[in-house]
Amino acid sequence: MTEKKIEKITTRIWNEIAEEDNPFAASACYCAGYDVYGDLLGKASYIEYLYLLFKLERPSPSQTRLLEGLAIALANPGPRDHSVRAAMCAGVGGSTHASALIAAISVGAGNLGGGREVFTAVQYWNQCGMDLDAWTAMIKEPPVEERADVWMPMEHPPGFDPNGVSCPTPVRQTLAHLAEVSGAENLIWLQQNRSALEEAAELPLAMPGVAAAVMVALELSPEQSEILYLLLRLPGAAVHSLEQEKLGWRKYPFFGDGLKLIDKSESDERKEGE
């Protein structure tokens, strides 16, 4: 008789114990050794669990405060952000709710305020650390980027706003708060050297720059930083999409007043004249 092969899942993140009467249902789930429904549920916060999923270890109190603060700062980029606008377009256009989230991720994944910018900024941090001269040199002569077949080259120093005039108040508030609650050396250094870095870049610091510094303080890899940044920005895209779906295209911001409805007869007359 041929021995039946048993499928195996290879993961350091998750372990499940099957129910006695159903091998496809779990009686216990363990994340990095913690019983999720027996120990974590009701005892750990969402932010602590999120950190555990990425790092496979329990966060310290300062790490928890740091990630929680970043999550609040990034949760809603606002309707002027292009990733949120993409979700709003999906909502007002009648697309599925899943499409709205996918649109937000797709548009917000790139080099302009997106996940890839954070990825690159974390790489800069890993190479330059808290060396102002190294940062200045990197900004003036950026390295050749990998995966040129997928990503267009950065057109501005990552972490800075190519369209900005001065560092926005929310960015300064976020950096000051996170540096205070965490005591992270690189965030304190960034706060102290922000003006010098902005002078080197000839651009103001932007929220992706703060986010990248936080990811480094949390000891996340560039890949982890990129995907966590995308994840943390989804709530705002979701709620603005739902709101715009109900408001309709007549109340879509920034261009609605310039639209004019025409009846079918007027449309036919225009076609005949063409």
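Residues numbered from 1 in each chain as written. Predicted model: local features only at pLDDT ≥ 70, side-chain atom pairs only at ≥ 80, totals over all residues. Heavy atoms only, no water.

This paragraph deals with the overall build of the protein chain. When its secondary structure is counted, the protein chain shows 13 helices and 3 strands. Per-residue burial for the protein chain yields a buried fraction of 39% across its 274 residues. Pairs at least 24 apart in sequence give 64% of the contacts found in the protein chain among residues at least 6 apart. Surface accessibility of the protein chain: about 16800 Å² in total, with carbon and sulfur atoms responsible for 54%. (Helix = DSSP H or I, 4+ residues; strand = E, 2+ residues; numbered from the N terminus. Buried < 20%, exposed > 50% of the residue type's maximum accessible area, 1.4 Å probe, protein only. Contact = heavy atoms within 4.5 Å. Areas by Shrake-Rupley, 256 points an atom, 1.4 Å probe, with all protein chains shown as cover.)

This next bit is on the packing of helix H3 (residues 61-74) against helix H8 (residues 169-182). Orientation of H3 relative to H8, taken along the N-to-C sense of each, is 165°, at an axis distance of 8 Å. Considered as vectors, H3 and H8 are oriented roughly antiparallel to each other. Of the two elements, H3 crosses H8, and the hand of that crossing is right-handed. Packed against H3, whose contacting residues are Ser 62, Arg 65, Leu 66, Gly 69, Leu 70 and Ala 73, the element H8 presents Thr 174, Leu 178, Val 181 and Ser 182 at the interface. Broken down by class, the residue content of the contact of H3 with H8 amounts to 5 nonpolar, 4 polar and 1 charged. (Axes fitted to C-alpha atoms, helices over the stretch in contact; angles between N-to-C directions. Parallel < 35°, antiparallel > 145°, perpendicular 65-115°, else oblique. Left-handed = near helix turned anticlockwise from the far one by under 90°. Nonpolar A, V, L, I, M, F, W, Y, C, P; charged D, E, K, R; others polar.)

Another point: empty space enclosed by the protein. Throughout the structure, instances matching the rule amount to 3 cavities of 30 Å³ or more. Counted as a void, the largest cavity has a volume near 80 Å³. Contributing elements (two or more residues each) for the lining of the largest cavity: helix H6 (115-128), helix H9 (185-201) and helix H10 (207-217). When the residues that make up the lining of the largest cavity are grouped by side-chain class, the tally is 9 nonpolar, 2 polar and no charged. Taken as a whole, the second largest cavity holds about 60 Å³ of empty space. Together, Ser 83, Ala 104, Ile 105, Tyr 229, Leu 230, Arg 233, Leu 234 and Ala 237 line the second largest cavity. Listing elements by their share of the lining of the second largest cavity, those giving two or more residues are helix H5 (97-107), helix H11 (222-232) and helix H12 (234-247). (1 Å grid on protein atoms, 1.4 Å probe; cavity = no way out; pocket = protein on both sides within 12 Å on 5 of 7 lines; lining within 4 Å. Points joined across faces, edges and corners; volume = space filled by probe spheres on them.)

Turning to the environment of Gly 209, a few remarks are in order. Considering the arrangement of structural elements, one finds Gly 209 in helix H10. The spatial distance from the C-alpha of Gly 209 to the C-alpha of Leu 190 is 9.6 Å, given a sequence separation of 19 residues.

So, on to H9. Bending of H9 peaks at approximately 65° at the position of Asn 193. Buried within H9 are the following residues: Asn 186, Leu 187, Trp 189, Leu 190, Asn 193, Arg 194, Leu 197, Glu 198, Ala 200 and Ala 201. On its buried side, H9 packs onto H3, H6, helix H7 (132-140), H8 and H10. In the stretch just after H9, Glu 202 is the one whose phi turns positive, near 60°. (Bend = angle between axes of the 7 residues up to and from the residue.)

Moving on, we get to the confidence of the model for the protein chain. Mean pLDDT over the protein chain works out to 90, with 90% of the residues at or above the 70 mark. Highest mean pLDDT in the protein chain belongs to H10 (98); lowest belongs to helix H13 (residues 264-273) (54). (pLDDT = per-residue confidence, 0-100.)

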